[in-house]
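Next come the chains, spelled out residue by residue.
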Amino acid sequence: MRTDIDSLIGRSARLDVGDIDFGAFRHRPLDDDTLRCLRYMHDVEGHTACYLRDLLVTRAHRDPQVTAFLACWCYEEHWHGEALGEVLRAHGQPAGADRLAAVRRHLPRRDALRPLAFTLASALTPHIVAVHMTWGAVNEWTTQAAYARLAAKADHPVLSELLRRIMRQEGRHIDFYALSARARLEASPAARRLTRFALRRYWAPVGSGVMPPVELAFLVTHLFGDVEGRASLARIDRHVGRLPGLAGMDLATTAVDGLLCDGLLCDGRREAGVEPGTSSRPISQPSQEEHRHAC
Ligand SMILES: [Fe+2]
Ligand SMILES: [Fe+2]
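Below, the structure is looked at part by part. (Residues numbered from 1 in each chain as written. Chains lettered and ligands numbered in written order. Predicted model: local features only at pLDDT ≥ 70, side-chain atom pairs only at ≥ 80, totals over all residues. Heavy atoms only, no water.)

Across its full length, the chain holds 14 helices and 0 strands. Element order for the chain, N to C, with α for helix and β for strand: α-α-α-α-α-α-α-α-α-α-α-α-α-α. Within the chain, residue pairs in contact and separated by at least 24 positions form 85% of the contacts whose partners lie at least 6 positions apart. Carbon and sulfur atoms make up 56% of the accessible area of the chain, which amounts to about 13,700 Å² in all. (Helix = DSSP H or I, 4+ residues; strand = E, 2+ residues; numbered from the N terminus. Contact = heavy atoms within 4.5 Å. Areas by Shrake-Rupley, 256 points an atom, 1.4 Å probe, with all protein chains shown as cover.)

So, about the coordination of the iron ion (ligand 1). Taken together, E45 (OE), E45 (OE), E77 (OE), H80 (ND1) and E170 (OE) make up the protein donors of the iron ion (ligand 1), found 1.9 to 2.4 Å from the metal. Mapping the donors of the iron ion (ligand 1) onto the primary sequence gives the spacing E-x31-E-x2-H-x89-E. Separating the iron ion (ligand 1) and the iron ion (ligand 2) is a distance of 3.8 Å, and E77 donates to both of them. Placement of E77 in helix 5 (residues 64–90) and of E170 in helix 9 (residues 157–187) is noted, with a sequence separation of 93 residues between them. (Donors = N, O, S within 2.8 Å, 3.2 Å for Na, K, Ca; no water.)

Right, let's talk about the coordination of the iron ion (ligand 2) for a bit. All of the protein donors around the iron ion (ligand 2) are E77 (OE), E140 (OE), E140 (OE), E170 (OE) and H173 (ND1); their distances to the metal are 1.9 to 2.6 Å. Between consecutive donor residues of the iron ion (ligand 2), the sequence gaps follow E-x62-E-x29-E-x2-H.

Next up on the list: the state of the cysteines. Scanning the entire structure with this criterion turns up 0 disulfides. Cysteine C74 shares no disulfide, and the gap to the nearest cysteine sulfur, in C50, comes to 8.7 Å. For C74, a relative accessible area of 15% translates into the label buried. (Disulfide = S-S within 2.5 Å. Buried < 20%, exposed > 50% of the residue type's maximum accessible area, 1.4 Å probe, protein only.)

Counting 79 residues, the largest nonpolar core has L38, M41, L162 and L163 as the members making the most contacts within it. By residue number, the principal contributor to this core is helix 8 (residues 128–154), which donates 13 residues. Among all residues touching L163, those that are not within four sequence positions of it are L84, Y147, L150 and A151. (Core = buried A, V, L, I, M, F, W, Y, C linked by side-chain atoms within 4.5 Å.)

All right, on to the side chain of S180 then. By secondary structure assignment, the location of S180 is in helix 9. We classify S180 as buried; its relative accessible area is 1%. Side-chain polar atoms of S180 contact the backbone oxygen of F176, separated by 3.0 Å. (Polar contact = N/O pair within 3.5 Å; in protein donor to acceptor, adjacent residues only side chain to side chain.)

Tracing the backbone through its elements, the reader meets T143 in helix 8. Using a relative accessible area of 17% as the deciding quantity, one classes T143 as buried. Apart from the residues within four sequence positions on either side, T143 is in contact with E170 and V206.

A complete count under the given rule lists 15 salt bridges for this structure. Among the salt bridges present, the one from E215 reaches R36, with a minimum N-O distance of 3.0 Å. Pair noted here: E215 is in helix 11 (residues 213–224) and R36 is in helix 3 (residues 32–45), with a separation of 179 residues, a long-range link. R36 carries the same exposure label as E215, and that label is buried. Here R184 makes a salt bridge to D63, at a shortest N to O gap of 2.8 Å. Placement of R184 in helix 9 and of D63 in the loop between helix 4 (48–56) and helix 5 is noted, with a sequence separation of 121 residues between them. Its relative accessible area of 22% is what places D63 among the partly exposed residues. (Salt bridge = Lys/Arg side-chain N within 4 Å of Asp/Glu carboxyl O.)

Function cannot be inferred from these measures alone, as they are strictly geometric.
Structural data, given as structure tokens:
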């Protein structure tokens, strides 16, 4: 496994966008739904360093192979966010540091407690790293699937090429997380039990907890609410089910089913003239409490 992982880390690189024609978007702009998804993806890619903060307080930081990967992972995700930001800028929309600063200003108050929660969890169980590696694999599978669905729905040659390059790197992230997860899950029944429990109880699509619920619901409904999207979710569930101890969870399908009702709320807001997602936060977005009642 070491050689495989060393080779994955060795191929890490900044996303190459030197020959991507961002100016093409001025002549053939993307539709509003695609841009709304891109704003979400830009913000979540840009949040990776904050996810890293939570991971490094766990015993994951004691494994040099894991920390080498996380360093490369964070760097690559940063440049994914920057590339998506270029697409937004080509449409006259804000991106990059200013937008990310706004996202971080509006994080829920409980975000400040996450490092403490991760520290405590790590003190309580040595299997926290197995949970994290598996969680990472699931997140990378869903992220890659979301980019594939967005490319298919937007049907724009420049965006498709950009997303194809990002998906290739996401594929390497998948390989690392899945290899590491498999090794840890195979080694310990307790790790399998804890990971299954944690995913079932706490997993939600990437970006939940950072992005407003209405934006998550829109993205999920737009990308995974149709027949092709459902097939994509089933593929993710098959990947997860092949990891030791995780058969039959239907994690992605179940999570999306729980959000489709919220997707109806998104459409209703659009019909009511609310411009979604152009401000990274919330003047126009309901609180979580309002959101629950609306559904
Ligand atoms: Fe990424
Ligand atoms: Fe990734």
